[in-house]
Each structure stands twice: as structure tokens, then as C-alpha cells.
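Examination of the molecular architecture
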Protein chains: 2
Amino acid sequence: MSTTEAKVDPNPVNIGWDTHKAIDAVPDSLTRELDGNDSMRRRFEVLCRNAQDQICAAIEELDGEGKFQQDAWVRPNGGGGMSRVLTGGKVFEKAGVNLSVVYGSMPQEALAAATERGVDRAKGMKPGERVPFFACGLSSVMHPKNPHCPTMHFNYRYFETDGGVWWFGGGTDITPSYLDAADMKHFHGTYKEVCDKHDPEYYAKFKAWADKYFTIAHRGETRGLGGIFFDDQNDKTPDEHFAFSSDCLDAVTKAYVPVVARHKDDEYTQAQKEWQLMRRGRYVEFNLVYDRGTVFGLKTGGRIESILMSLPETARWQYDHHPEPGSPEADIMDAFKNPREWV
Amino acid sequence: MSTTEAKVDPNPVNIGWDTHKAIDAVPDSLTRELDGNDSMRRRFEVLCRNAQDQICAAIEELDGEGKFQQDAWVRPNGGGGMSRVLTGGKVFEKAGVNLSVVYGSMPQEALAAATERGVDRAKGMKPGERVPFFACGLSSVMHPKNPHCPTMHFNYRYFETDGGVWWFGGGTDITPSYLDAADMKHFHGTYKEVCDKHDPEYYAKFKAWADKYFTIAHRGETRGLGGIFFDDQNDKTPDEHFAFSSDCLDAVTKAYVPVVARHKDDEYTQAQKEWQLMRRGRYVEFNLVYDRGTVFGLKTGGRIESILMSLPETARWQYDHHPEPGSPEADIMDAFKNPREWV
């Protein structure tokens, strides 16, 4: 009996696994030519590609040894991607920055499930009709070796249906194993500044959204110490949302690099390393059970190695582990259970 | 913003997280007294508790050093559980055998989703009315240290609604990192013998069901080399299904212990250990994304540490890893991609 007999449509988004064709030279654009250079599709791709270059260069410089390896691919229907992954660096165990450009179609219910709000996404479509869509995003996770250096994740994306419905989503968040209030003030402060430049309500709203989104419900704790998260943004002009995404991407290295630089040579014990690996176990739990991007990717025939690049190289599950009361591990656990304000 | 603001009902089965009260002495029965000693509810609990004792004793003997630690709890509405977990043994990294007895109620759709067939499960209930149910099961995962010793999982369960609908489910399956055809012949052969005693069609049917169920769809591979798996069994008398479950539980140590005994002292390299950890990464992917018991447990307020006991102590994700053609790793990978017959 082969897996093709599964009752559930394994591929509701009509892209298909194993339809990725590896390529050596990446074309100037992964969007379709008919989208045009002035389209938001093309502009968002350019934004993501420039950010990918800038961030990878900054991380290589910080690492001092590791180099990103690039895998690029195209898909028969248009679209493609470019994964850049650094493994076994001096500072980073695993760091990935992935661009993806997707043309597909999906059932109206799948489209609803792919977004937080879900309403009105299938405008102009008949009941039951599949919705052609375009999505472009840059997604990244960085796992440093030193348990005193936090993991960082960001994702910025633009979504559009052929019916003309569009929205922006994204966020940057940080996952330390040990709490350093000054680091958190710097990281959150950097994003508060970006938010404040665009909308006085953004930071409070998107910080709370991150605390809620990055919750591991079955544990009653967050996976990390948050940052900002937003989805379904289309209440301003496309240019305004684009400018906000652009500033958020610009702020990634400013928010993260100094934190890693400060701790990359900190001494640590084997017990601290094991605590970090247990927190990485929680990272795996969140990503495989709750993360919308991961679950969407796995079910829509995304390139598996690119999607699961977000998982740490090693993770640990220790039965019924509880940190010693009063320990640094118990301190940060309290912050995972009761999200705090940092700025 | 706290996690209680999540839009989705976090607790659709009306049991509730953190409603487990730890107890020191386990009562003779975790079922409600009104169920009576002759009920299938009580008989299945006795079966599971005896099997738990027998299997834990056999595993302790095989390990030679590690001892199971017991955690027991009861729930306010009746029901409870008993987890036995061995960690840091000589042979086993982590082995758990968990009994759980659950009284709850769930929406009719949740009940449908909890079973493969899903039809007619809510017999006698009005539309929209929650369905009170009883579930009792014994569930186990054993992760040995040596990469030449396979991981083994089994689960046997009995489900009943207050409307009088009932069914049995279960299975035992094996997950080696290296292929040993004689081991697989022994393991599958043991269960074929049990199956043949009860129904000539069982082995072929339940072996194929396991190959299908234990598929990691996004990888196009199985998590291991199968065994037997069945659900929704109610086409014979309850006594007949009970006898089959009983014989399957009896066969666990016979099928598994000799395989581990044969390989527990095999020499291995660091590279072989890493391959085992990568396969454990796949185990984590299956359990968190597809396993019905895990997903059901996480969403119904099961005791998290008991449910996630199934995860290995350590797991590894290495970017875009492909085994050397012709290597033992490539050989077993072929069997994961194209399920084989072993007996």
C-alpha cells in the first residue's frame, strides 16, 4: 500500500511535492514576466532579495568562519526560491534565510485557514472555485551555539489573490534560553522605534500579537520572549505597508547582531547547554504543531528542507524536567509563562 | 494579552489542562465504581495494568540498570493515569509505558476526527450535543541508546460513548535506524502469528494499515518499518476484540526484547549515532504532525509529559542530508520509501 492511497488530499494547494527544479544560476526575478517591474509582486521580491543579501553578509561577518550555502530552484508554473543555509559555523550552529515566490491555487477554506482573519479572501470567486494566489516571503531562523546567545526568527511576506485581494504579514521575534533584560530592551526597543515611525499603535498591538501567536498552548508558555508579529494588514495603502515591511527587514541586523556579539564568547556549562537543547525541543514543538508558515508549507508542497531549516540542529526532551526554584532557568521560565514588557 | 484570549476553543474535549492531581498510592481501579467489575471498561483497564507490569519488568531486566519511575494522577471527573518512565538506563535512553483512563465529552466533530472512520460515532445524540465518552489505553515508546537497536512503539485502546457505541484500536510497530532483515522477520512474524490465530485477514490488512498510518507525508517516507495498526474495530463480539488486544499486548516483549538483546552491545561509530539522531528527528516530525494519539492528547488536555514521553531524548536535523548511495543508510531509506514484506 503506498502513501498515494491516503484519503486526505495531500496537496490541497495544487503545487505538488517534488516539482522543484534545482538551478545553478538564479534568474533576476522569480515572478512571472507578466507581473511587471512596478507590481507589488516584483517590488516585494526585490525587497526580500536585497534583505537576504544584507542579512546573510552581516551574519557571515559576525560568525567569522561559516559561509552560507545557496540552493535555488524554480517551479514549472512560475515561482521558485533561494535557500541560504549556514551550518557548523564558529558562532552559529545553523542559520537559514529563505526566499520563496509561490504561484498556486487553493480551496477557499484553505485560504481562510492560512490567514488569521480569513474573511473576504475569496472575493470574486464562485463557491467551490479554487483561488489562484501569489505569495512572496523572506523567512529566517538563526540558532547560535552558545546557550547565552538567543535564537532569532523573522518572516516578512506579501500575499495576493488573482481576485485582487492583498495583504502583508510578518514579524521578528527572539528566543533566548537565558534572560538578559538589557538585550531584551535593545531588541524590543529597536522594533518599537520602527513601529513608532509608522503608527503609534503598532508596537503595543504587534508585541501583544507576538506573545499570543508564539504560545505553545499545550505547555501554557511562549516559545521565547516575543518581538512583533502581524498578519492580514491591508488597511493602509500598499506603499505604506511596503515601507513598514522594508523598515522591519532593515532592523533585523540592528536588533539581533549586537546581542549575539555580546554573548558569543560567554563561558557556559554542560548543564546550560542541555537547558538550551530543552528549549530547542520546545522550539520544535511550536514549529511543528502551531506555526502557520510551517504547517502551511508542509501541506502545500513547499520545499521540505527549506521549511524545516527552521528546526535546530539538535534538540532534547527530558522527562518531566522542572528548573530549580530561584535559578536562572526558573527566571526565564516565568517570563515564558507570563509575558513581560521590555520597553 | 494572555493565551486565554485565543480564538479557538483550547479545550474542545472538556477535560482541561492542569486538572491532574498527582497521587502517591494508585487506587485498584481508575474507572468509576458504577462501571462495575464485569464491564469492558474495567476489564480493559485490568488488561492494560497487567501488561504494564509485565512489560516494564521485562524491560528493566533487559536494561540491567535503569528503573521505571512512576507518576500517577487522578482527575476530578473520574479517570486518571499512571506513567512509568525509565531514563538514562544502560540500554535504554528513554522508555515509557503509560496507562490512561479518560472520562470526557467532546463535540461530535471532534469525535469523528478522533477515529479513522468517524461515521455513526455519535449515535443517539442530538445535533450539536456533546458526546460523553470513555477511553482507556496503554501506550509505549522505547528508545534504546545503541543505533543498532530499534525504537519500538505500541498502543492498545478501548473507546466507548455513553450512547453505547464502542470500538477497539491499537498496534505495535518498530523503527530501526539500520536494517536487519532477520530482526524484521522475527518482529513481523511474531505479530503475524498473533493475527493468524484470530483472523486470516488480519496480518495483511493491519500490516498495510501500519505502513499507511506511519507515513510522514511531507517526506514521502515511513517513520520506521511498520508492524500492525488497526482502529475502529467493532465487527466481532467485544470478547473477541478483547482477546485479540490481549494477545497483541502479550506479544510485545516476545517480538521486541530479543531484537534489542541481540544488538545492545554492538559497536558503533559517531556517524552511526548521528544517523540514529536524524531518524529520531523524523520520529519527532511524525509524532507532532501526524500521530493521532499525540495530537488528540495535546488538544484534549492530556498530561503533557506523558504524551510527549514518546519523543526521543535527543534528535537532530541536518540540512539537506542524503545518505551515500549503496550505504546501509541508503538501504534502509529505500525501505522507508518503499514498504517491504518481511514474512
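In this text the structure is predicted, and so the values were computed from the model without any measurement. (Residues numbered from 1 in each chain as written. Chains lettered and ligands numbered in written order. Predicted model: local features only at pLDDT ≥ 70, side-chain atom pairs only at ≥ 80, totals over all residues. Heavy atoms only, no water.)

1. Let's talk about the packing of helix 6 (residues 270–289) of chain A against helix 6 (residues 270–289) of chain B
Definition in use: What counts as an axis is a line fitted to C-alpha atoms, over the stretch in contact for a helix, and the angles between N-to-C directions run from 0 to 180 degrees. Every helix listed is a DSSP run of H or I at least four residues long, and every strand listed is a run of E at least two residues long, numbered separately from the N terminus. Oblique is the label for every angle not falling under 35 degrees (roughly parallel), over 145 degrees (roughly antiparallel), or within 65 to 115 degrees (roughly perpendicular). We call a crossing left-handed when the near helix sits turned anticlockwise from the far one by less than a right angle, and right-handed when that turn is clockwise. Working rule for contacts: check all heavy atoms of both residues, and any pair within 4.5 Å makes them a contact. Under the grouping applied here, Gly and all other residues not named as nonpolar or charged are polar, the nonpolar ones being Ala, Val, Leu, Ile, Met, Phe, Trp, Tyr, Cys and Pro and the charged ones Asp, Glu, Lys and Arg.
As a packed pair, helix 6 of chain A and helix 6 of chain B sit with axes 9 Å apart at the nearest point and diverge in direction by 50°. Taken together, the axes of helix 6 of chain A and helix 6 of chain B are oblique relative to one another. The interaxial crossing formed by helix 6 of chain A with helix 6 of chain B has right-handed handedness. Contact residues: Val284, Glu285, Leu288 and Val289 of chain A in helix 6 of chain A; Val284, Glu285, Leu288 and Val289 of chain B in helix 6 of chain B. For the contact of helix 6 of chain A with helix 6 of chain B, the class distribution of residues is six nonpolar, no polar and two charged.

2. Looking at the packing of aromatic side chains
Residues and elements named next belong to chain B. Operational definition: Pairing of aromatic side chains requires ring centres within 6.5 Å, counting the rings of Phe and Tyr and the six-membered ring of Trp. Pairs whose planes differ by under 30 degrees are stacked, by over 60 edge-to-face, and all others tilted. A simple rule labels every residue: compare its accessible area, found with a 1.4 Å probe on the protein chains alone, to the largest value its type can have, and call it buried under 20%, exposed over 50%, or partly exposed in between.
All told, the structure shown has 48 aromatic pairs over all chains when counted by the stated rule. Ring geometry for Tyr202 against Phe244: centres 4.7 Å apart, planes inclined by 50°, an arrangement best described as tilted. Here the residue Tyr202 occupies a position in helix 4 (residues 202–213), and Phe244 occupies one in helix 5 (residues 238–263), the gap between them amounting to 42 residues. You can call Tyr202 buried: its relative accessible area is 6%. Aromatic pair Phe206 and Trp209: ring centres 6.2 Å apart, planes at 50°, arrangement tilted. Residue Phe206 and its partner Trp209 are located together in helix 4, separated by three residues, close to a single helical turn. For Trp209, a relative accessible area of 14% translates into the label buried.

3. Details of the pairing of strand 7 (residues 166–175) of chain B
Within a regular strand, the side chains alternate between the two sheet faces. All names here are of chain B. Worth spelling out the cut-off: A pair of strands counts as paired when DSSP detects no fewer than two bridges linking them.
Counting buried residues along strand 7, 10 of its 10 residues qualify, which places the element largely inside the surrounding structure. Neither face of strand 7 is left uncovered, since the one carrying Trp166, Phe168, Gly170, Thr172 and Ile174 and the one carrying Trp167, Gly169, Gly171, Asp173 and Thr175 both have all their residues buried. Taken together, the 10 bridges between strand 6 (residues 151–161) and strand 7 define a ladder with antiparallel strand orientation. Among the inter-strand pairings, Asn155 is bridged to a residue of strand 7, identified as Gly171. The antiparallel hairpin formed by strand 6 and strand 7 contains four residues in its connecting segment, where Gly164 sits at a positive phi of about 90°. Direction of pairing for strand 7 relative to strand 10 (residues 227–233): antiparallel, over a ladder of five bridges. By the bridge assignment, Asp173 is partnered in strand 10 with Gly227.

4. Points about the interface of chain A and chain B
What counts is decided by this rule: By buried area we mean the combined loss of accessible area, with a 1.4 Å probe, across both parts when two parts are placed together. In the sections that follow, a salt bridge refers to a side-chain nitrogen of Lys or Arg positioned within 4 Å of a carboxyl oxygen of Asp or Glu. Contacts described as polar in this section are N or O atom pairs within 3.5 Å, which, within protein, must combine one atom able to donate a hydrogen with one able to accept it, while residues neighboring in sequence count only if both atoms come from side chains.
In this assembly, 38 residues from chain A lie in contact with 38 residues from chain B. Surface buried jointly by chain A and chain B totals about 3,800 Å² across both partners, of which 62% is contributed by carbon and sulfur atoms. Counting across the chain A and chain B interface gives six salt bridges. Between Asp320 of chain B and Arg303 of chain A there is a salt bridge, with the nearest N and O atoms lying 3.7 Å from each other. Applying the counting rule to chain A against chain B returns 13 residue pairs in polar contact (both at pLDDT 80 or more).

5. Quick notes on the relation of the copies chain A and chain B
We apply this condition: Our superposition of the copies is a least-squares fit, built on the C-alpha atoms of residues whose pLDDT is at least 70 in both.
Mapping chain A onto chain B calls for a rotation angle of 180° and an axial translation of 0.0 Å; the resulting RMSD is 0.0 Å. Given the turn and translation reported, the copies of this chain are related as if by a two-fold rotation axis. Closest approach to the rotation axis within chain A is made by the C-alpha atom of Ala315 of chain A, at a distance of 2.7 Å. By residue overlap, the copies meet face to face through one surface: 100% of the interface positions of chain A are interface positions in chain B.

6. Remarks on the sheet that holds strand 7 (residues 166–175) of chain A
All names here are of chain A. One open sheet accounts for eight strands, arranged 1-2-3-4-5-6-7-10; its pairing is antiparallel. The open sheet is flanked by strand 1 (21–23) and strand 10 (227–233), the only strands paired with a single partner. Shown here is a sheet whose adjacent strand axes are inclined to one another by a mean of 15°, direction ignored. Where strand 4 (residues 92–106) and strand 5 (residues 131–144) come together, 14 bridges link them in antiparallel fashion.

7. Regarding helix 4 (residues 202–213) of chain A
Residues and elements named next belong to chain A. What counts, and what does not: Working rule for helices: expected span equals 1.5 Å times residues minus one.
End to end, helix 4 covers 16 Å across 12 residues, agreeing with the expected 16 Å (1.5 Å per residue, within 8%). Here helix 4 lies mainly inside the structure; nine of its 12 residues are buried. Every buried residue belonging to helix 4 is among Tyr202, Tyr203, Phe206, Lys207, Ala208, Trp209, Ala210, Asp211 and Tyr213, and all of these are buried.

8. Thoughts on the sheet that holds strand 1 (residues 21–23) of chain B
All names here are of chain B. In space, the eight strands of this open sheet follow the order 1-2-3-4-5-6-7-10, with antiparallel pairing throughout. In this open sheet, the two strands that pair with only one neighbour each are strand 1 and strand 10. For this sheet, the mean inter-axis angle between neighbouring strands, taken without regard to orientation, is 15°. Along the sheet, helix 1 (residues 40–63) contacts strand 3 (79–87), strand 4 (92–106), strand 5 (131–144), strand 6 and strand 7; its crossing angle with strand 4, the most-contacted strand, is approximately 170°.

9. Some words on the side chain of Glu45 of chain A
Looking at the secondary structure, you find Glu45 of chain A in helix 1 (residues 40–63). Not counting residues within four places of it along the chain, the set of residues in contact with Glu45 of chain A comprises Asp28, Ser29, Leu30, Thr31, Val101 and Cys136 of chain A.

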